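One letter stands for each residue in the lines below.
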Amino acid sequence: MKILVSHDVDHLYPRDHYLRDLIFPKLVVRSALQLLSGKLRFRTFLYRVGTMFGKRLNRIPELVAFDKAHGVKAVYFFGMANGKGMSYRQEDAKPWIEYVRGEGFDVGVHGISYGDESAMQKEHDDFARLTGMKEFGIREHYVRYDGETFRKMARVGYLFDSTEFSRESILLKPEYKVDAESGMIEFPLAVMDGYVVKWDLQEAKDRTVAALRKAEEMGLSYFTVLFHDYLYNENAYPLERGWYEWLIEYCQREGYEFATYREAIKNYRS
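Bear in mind the structure is a predicted one, so any value in this text is a computation, not a measurement.

Could you clarify how one ought to interpret a positive patch on the surface in this entry?
A surface patch of positive charge is lined by Lys-26, Arg-30, Lys-84 and Arg-167. Mapped onto the elements, Arg-167 comes out in the loop between β5 (160–161) and β6 (176–177). Arg-167 gets classed as partly exposed once you look at its relative accessible area, which sits at 40%.

Printed below as a string of structure tokens:
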């Protein structure tokens, strides 16, 4: 079994959210409630709220450096449209996309439209124009989808998707072709940071190890992981960053190999 790692780029700069969405008001209220309930340390609270005034929200360079140092073959998904708190502009995403590709990593679309096929097509075409890429994958923001989303993605022209996810339990399911005509592959998402990391790092580790072992017992070829880049911040999100670093190092110790989605597709089709 190999590990597929992906990073959703939800935020780039604090300015993207000023007077444009409610990300920061929600962050303050949520963090304050967590502080008052004893779930968040005061120091962490200050750093987390302080991210509103930093130069950037994204932690792409730091995460790229960690991934490179540990042989992680990650894909970074960038938004081409706005919604649900993702508010950055395409022109601001372009240099970061070029940076990630220049460091040897794959990129794809972090989608907003999951029901409107014409809007989905625009996201796809905008990304192709911006990057010059002809084939690439997608994950929908907030892993939103309905019964027709994946078939629409296939018609739009995506190479693969990794959106299928369960909020109730860890989803362990093999990759599959969405339809025979397009050949687009769906890679169900097993583990996402926000759903496995709560307030106890050891509990998060235990749940992750149990999922990895179960996936092996099921004979899965791939185990999919999502970690949001902005969480790679040791001061503002120490639990989340700690979990990700532990996971990658654990996979290395246990002999798991990292693979790209493109490698997985090639093997699937062979």
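On we go from here.
Even after reading the chapter, I still don't get the environment of Thr-260, so can you show me in this structure?
Structurally, Thr-260 is set in the loop between β10 (257–259) and α10 (261–269). For the pair Thr-260 and Gln-90, spaced 170 residues apart in sequence, the C-alpha to C-alpha distance is 25 Å. In this structure, Thr-260 is in contact with Leu-4 and Lys-73, ignoring residues within four places of it in sequence.

What exactly am I supposed to notice about the nonpolar core here?
Soluble globular proteins: nonpolar side chains tend toward being buried together. Residues Ile-3, Tyr-76, Phe-78, Phe-223, Trp-243 and Tyr-244 are the most contacted members of the largest nonpolar core, which totals 71 residues. The residues contacting Phe-223, other than those within four sequence positions of it, are Met-1, Lys-2, Ile-3, Leu-4, Leu-172, Ala-190, Val-191, Ala-211, Leu-212 and Ala-215. Val-75, Ile-185, Phe-187 and Ile-265 belong to the second largest nonpolar core, which has twelve residues in total.

Is there a simple way to explain the pattern of salt bridges in this structure?
A side chain with one charge may pair with a side chain of the opposite charge, provided their charged atoms come close. Applying the stated criterion across every chain yields a total of 15 salt bridges. Linking Asp-16 and Arg-89 is a salt bridge whose minimum nitrogen-to-oxygen distance equals 3.8 Å. Of the two residues, Asp-16 sits in the loop between β1 (2–9) and α1 (23–36) while Arg-89 sits in the loop between β2 (75–79) and α4 (90–102), which places them 73 residues apart along the sequence. Asp-16 sits in the buried class, given a relative accessible area of 0%. Its relative accessible area of 34% is what places Arg-89 among the partly exposed residues. For the salt bridge of Lys-73 with Glu-263, the shortest nitrogen-to-oxygen distance reads 3.1 Å. Of the two residues, Lys-73 is situated in the loop between α3 (60–69) and β2 and Glu-263 in helix α10; the sequence distance between them amounts to 190 residues. The exposure class assigned to Lys-73 is partly exposed, which follows from its relative accessible area of 35%. For Glu-263, a relative accessible area of 31% gives the class partly exposed. Several salt bridges converge on common partners, so that one network encompasses Arg-56, Arg-59 and Glu-62.

Calculation notes
- Residues numbered from 1 in each chain as written.
- Predicted model: local features only at pLDDT ≥ 70, side-chain atom pairs only at ≥ 80, totals over all residues.
- Heavy atoms only, no water.
- Patch = residues over 30% accessible without salt bridge, like charges linked within 9 Å, V, L, I, M, F, W, Y side chains within 5 Å.
- Areas by Shrake-Rupley, 256 points an atom, 1.4 Å probe, with all protein chains shown as cover.
- Salt bridge = Lys/Arg side-chain N within 4 Å of Asp/Glu carboxyl O.
- Lys, Arg positive; Asp, Glu negative; His and termini not counted.
- Charge placed at Lys NZ, Arg CZ, Asp CG, Glu CD.
- Helix = DSSP H or I, 4+ residues; strand = E, 2+ residues; numbered from the N terminus.
- Buried < 20%, exposed > 50% of the residue type's maximum accessible area, 1.4 Å probe, protein only.
- Contact = heavy atoms within 4.5 Å.
- Core = buried A, V, L, I, M, F, W, Y, C linked by side-chain atoms within 4.5 Å.

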